[in-house]
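# Structural description and commentary
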Amino acid sequence: MATSQILLYIFIMAGVTYLIRMLPLVIFQQKIENRFVRSFLFYVPYAVLGAMTFPAIFSSTATLWSAMAGTLVAVFLALREKGLLTVALAACLAVYVTEWLLRLV
Amino acid sequence: MKETKSLNSYTKGFKDGIPIGLGYLSVSFAFGMMAVNMGLPVWIAVLISMTNLTSAGQFAGIGLITAGAPYIEMALTQLVINLRYALMSLSISQKADQTFSLFHRLLISFGVTDEIFAVATGQPAEIGRRYMYGLITAPYFGWALGTLIGAAASTILPEAMRSALSIAIYGMFIAIIIPPAKHSRPILKVLVISVAISFLLSYAPVLQQLSGGFVIILCALIASGLGAILFPIEEVEKK
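The model shown is predicted, which means the values in this text are computed figures rather than measured ones.

## What to know about the domain arrangement of chain B
- By domain assignment, chain B separates into domain 1 (10-167) and domain 2 (184-239).
- Here the C-alpha centre of domain 2 of chain B lies 23 Å away from the C-alpha centre of domain 1 of chain B.

Here is the structure:
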């Protein structure tokens, strides 16, 4: 495929993606007063992150078992209100250790 | 209007972005590897990462490029997969303080990703543009660098390390959503509804063919909509 053709594809990808992100930020410069909309937007982050995490987290690693171990560790530490980096690295460590143990058996 | 101090430190933003940048290294590493395996040059893989800054959209995009798909299909695919960013930008627009002028909105909007949105909206106060630039820095370069390394040397990280790193992003999400859900019943309920719909759409026959980006939009619309109807809040900035 010609390089110019690939560059046109990339331009389309980047352009569409940028417009999606840019338009809402530029159009809504004022705070929205409507109570329903404000409540809705208040809940959006939790709904979005919940849906992005589950069930995708269970297939993020090499095996379901290591993913479950990582999830349990993350949930446990998050319930104890540990920081983002702590929770994320502990989950990685749990996955690494679980996969190492699985290779032993 | 309650007076809230806004968060506008580049250094604070940069620090908050480091875990995201680390997580991006492993994901973009996989992207770089895949792009080269599909026959694209290293510099094209890096160029895509530096101009798009999106995971699912890029993975789908290189598939379409190498298949020689029609341009309109590329545009529509990106629209559906990435439409969730519109919701996130809207949410950030309500969190932005007065330092977000038009010029900075045009620049900052480029850096709205799932994780950056998550950390930005997870802050208790309004956020300023310096904080946002700080937050975007490490993820942006992590994403580009990971792509370069993955594309240039596809076997540099052992498989066990890659597997462990790929849960990092989700661990971070859990750390963001669980503490507020522990303290607020309405947030917990919205979260449970959203996760339930997400499971349903991922495993139910027929429905599981919906694209990942579209699933997230549906979950967000239904769960947040129910939340707004059942538990409207008076003081949204609180908490």
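## Points about the packing of helix H3 (residues 64-79) of chain A against helix H4 (residues 84-104) of chain A
Residues and elements named next belong to chain A.
- Between H3 and H4, whose axes approach to 8 Å, the crossing angle comes to 150 degrees. Of the possible angle classes, the one that applies to H3 and H4 is roughly antiparallel. The handedness of the crossing between H3 and H4 comes out as right-handed. Across from Trp-65, Ser-66, Ala-67, Ala-69, Gly-70, Val-73, Ala-74, Leu-77 and Ala-78 in H3, the residues of H4 making contact are Thr-86, Val-87, Ala-90, Ala-91, Ala-94, Val-95, Thr-98, Glu-99 and Leu-102.
- A per-class count over the contact of H3 with H4 returns 13 nonpolar, 4 polar and 1 charged.

## Quick look at the interface of chain B and chain A
- Taken together, the contacts link 79 residues of chain B with 63 residues of chain A.
- Broken down by element, the residue count for the side of chain B that touches chain A peaks at 14 residues, all from helix H10 (residues 168-183) of chain B.
- Partitioning the side of chain B that touches chain A into residue classes produces 50 nonpolar, 25 polar and 4 charged.

## Some points on the nonpolar core
- If you look at the biggest cluster of nonpolar residues, it comprises 106 residues, and the most contacted ones within it are Ala-47, Val-87 and Ala-91 of chain A together with Phe-173, Ala-175 and Ala-220 of chain B.
- Here this core gathers at least three residues from each of two domains, domain 1 (10-167) and domain 2 (184-239) of chain B.
- With residues near it in sequence (within four places) discarded, Ala-220 of chain B still touches Val-44, Ala-47, Val-48 and Ala-51 of chain A together with Leu-87 and Ser-194 of chain B.

## Looking at H3 of chain A
- With 16 residues, H3 of chain A ought to run about 22 Å at 1.5 Å a step, and its terminal C-alpha atoms sit 22 Å apart, in line with that.
- Those residues of H3 of chain A that fall on the buried side of the exposure criterion are Ser-66, Ala-67, Ala-69, Gly-70, Thr-71, Val-73, Ala-74, Leu-77 and Ala-78 of chain A.
- Elements that come into contact with the buried residues of H3 of chain A comprise H4 of chain A together with helix H9 (159-165) and H10 of chain B.
- Two residues or fewer after H3 of chain A comes Glu-81 of chain A, characterised by a positive phi angle close to 60 degrees.

## Points about the confidence of the model for chain A
- In the predicted model, chain A carries a mean pLDDT of 91, and the fraction of residues at 70 or more is 100%.
- When the elements of chain A are averaged for pLDDT, helix H2 (residues 35-53) of chain A gives the smallest value, 85, and H3 of chain A the largest, 97.

Parameters at a glance
- Residues numbered from 1 in each chain as written.
- Chains lettered and ligands numbered in written order.
- Predicted model: local features only at pLDDT ≥ 70, side-chain atom pairs only at ≥ 80, totals over all residues.
- Domains from an automatic or database assignment.
- Axes fitted to C-alpha atoms, helices over the stretch in contact; angles between N-to-C directions.
- Helix = DSSP H or I, 4+ residues; strand = E, 2+ residues; numbered from the N terminus.
- Parallel < 35°, antiparallel > 145°, perpendicular 65-115°, else oblique.
- Left-handed = near helix turned anticlockwise from the far one by under 90°.
- Contact = placed C-beta atoms within 7 Å.
- Nonpolar A, V, L, I, M, F, W, Y, C, P; charged D, E, K, R; others polar.
- Core = buried A, V, L, I, M, F, W, Y, C linked by C-beta atoms within 7 Å.
- Buried ≥ 20, exposed ≤ 12 C-beta atoms within 10 Å, placed from the backbone.
- Expected span 1.5 Å × (residues − 1).
- pLDDT = per-residue confidence, 0-100.

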